[in-house]
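# Analysis of the macromolecular model
The residues making up each chain are set out below.
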Amino acid sequence: DVRRGLEADDVQLAEFIRTCRPAGEAPLTTILVATKLDKLPLSKRKPALAAFRRSTGQKPIGFSAVNGEGRDALWGGLRRATASPDAPEAPPQP
């Protein structure tokens, strides 16, 4: 929730994901999503997302399920995270 920032359990989960792979295996890709972006006034969104980035070192995707803001960025991140290196690009949308 972008209004609350990262909570202790968020940080613990991210650390677990970073460290749970056996030695020699590629790390899992994580996508940081700051939800409920629509709940913040426009003037507070950029500073809130910047705080996420400062605390994690990772650029967050601001997302709102209410108005769809950030949906394309989230889908793009999911596609990149799950793509096989030899998989073809996604087919064009009709």
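Chains are numbered independently. Their residues run from 1 in the order of the written sequence. Owing to the predicted nature of the model, reporting of local features is limited to residues with pLDDT of at least 70; listing and counting of side-chain atom pairs is limited to 80 or more, with chain, interface and lining totals taken over all residues. Remark: hydrogens and water are excluded; side-chain values derive from all non-hydrogen atoms of the structure.

The working definition used for a salt bridge is a side-chain nitrogen of Lys or Arg within 4 Å of a carboxyl oxygen of Asp or Glu. For the structure on display, the rule yields four salt bridges. For Asp1, the salt bridge goes to Arg3, with nearest N and O atoms at 2.6 Å. With a relative accessible area of 42%, Arg3 lands in the partly exposed category. Note that Arg4 is salt-bridged to Asp1, the shortest N-O span being 3.0 Å. Each of Asp1, Arg3, Arg4 and Lys36 takes part in a single network of salt bridges with overlapping partners. Relative accessibility decides the category of a residue: with a 1.4 Å probe and only protein chains considered, values under 20% of the type maximum give buried, values over 50% give exposed, and everything between is partly exposed.

Before going further, it helps to spend a moment on the confidence of the model for the chain. The predictor reports its confidence for every residue as pLDDT, a score running from 0 up to 100. The predicted model of the chain averages 87 in pLDDT, with 88% of residues at 70 or higher. Predicted confidence in the chain is weakest over helix α1 (residues 8-19), with a mean pLDDT of 86, and strongest over strand β2 (residues 61-62), with 96. Per the convention used, a helix needs a DSSP run of H or I reaching at least four residues, while a strand needs a run of E reaching at least two, with both numbered from the N terminus.

Moving on, we come to the side chain of Asp1. Within the secondary structure layout, Asp1 lies in the segment before α1. One polar contact links Asp1 to Arg3, side chain to side chain, over a distance of 2.6 Å. Contacts between residues were defined by any pair of non-hydrogen atoms, one from each residue, lying within 4.5 Å. Leave out the neighbours within four places in its chain, and Asp1 touches Thr35, Lys36 and Phe52. Identification of polar contacts relies on pairs of N or O atoms within 3.5 Å, with a donor-acceptor requirement for protein atoms, meaning one able to donate a hydrogen and the other able to accept it, and with residues adjacent in sequence counted only if both atoms are side-chain atoms.

Helix span, as expected, comes to 1.5 Å for every residue beyond the first. The end-to-end C-alpha separation of helix α3 (residues 71-82) is 17 Å, in line with the 16 Å expected for twelve residues at 1.5 Å each. Turning to α3, its buried residues are Leu74, Gly76 and Gly77. One side of α3 carries all its buried residues, which in axial view fall inside an arc of 160 degrees. Turned more than 90 degrees from where α3 packs its buried face, Asp72 and Thr82 sit exposed. The secondary structure elements touched by the buried residues of α3 are β1 (33-34) and β2. This arc is taken over the directions from the axis of the helix to the C-beta atoms.

Let us now look at the side chain of Ser64. The residue Ser64 is located in the loop between β2 and α3 in this model. Within the structure, Ser64 has its side chain in polar contact with the side chain of Asp38 (distance 2.7 Å). Other than its neighbours up to four places away in sequence, Ser64 contacts Leu37, Asp38 and Glu69.

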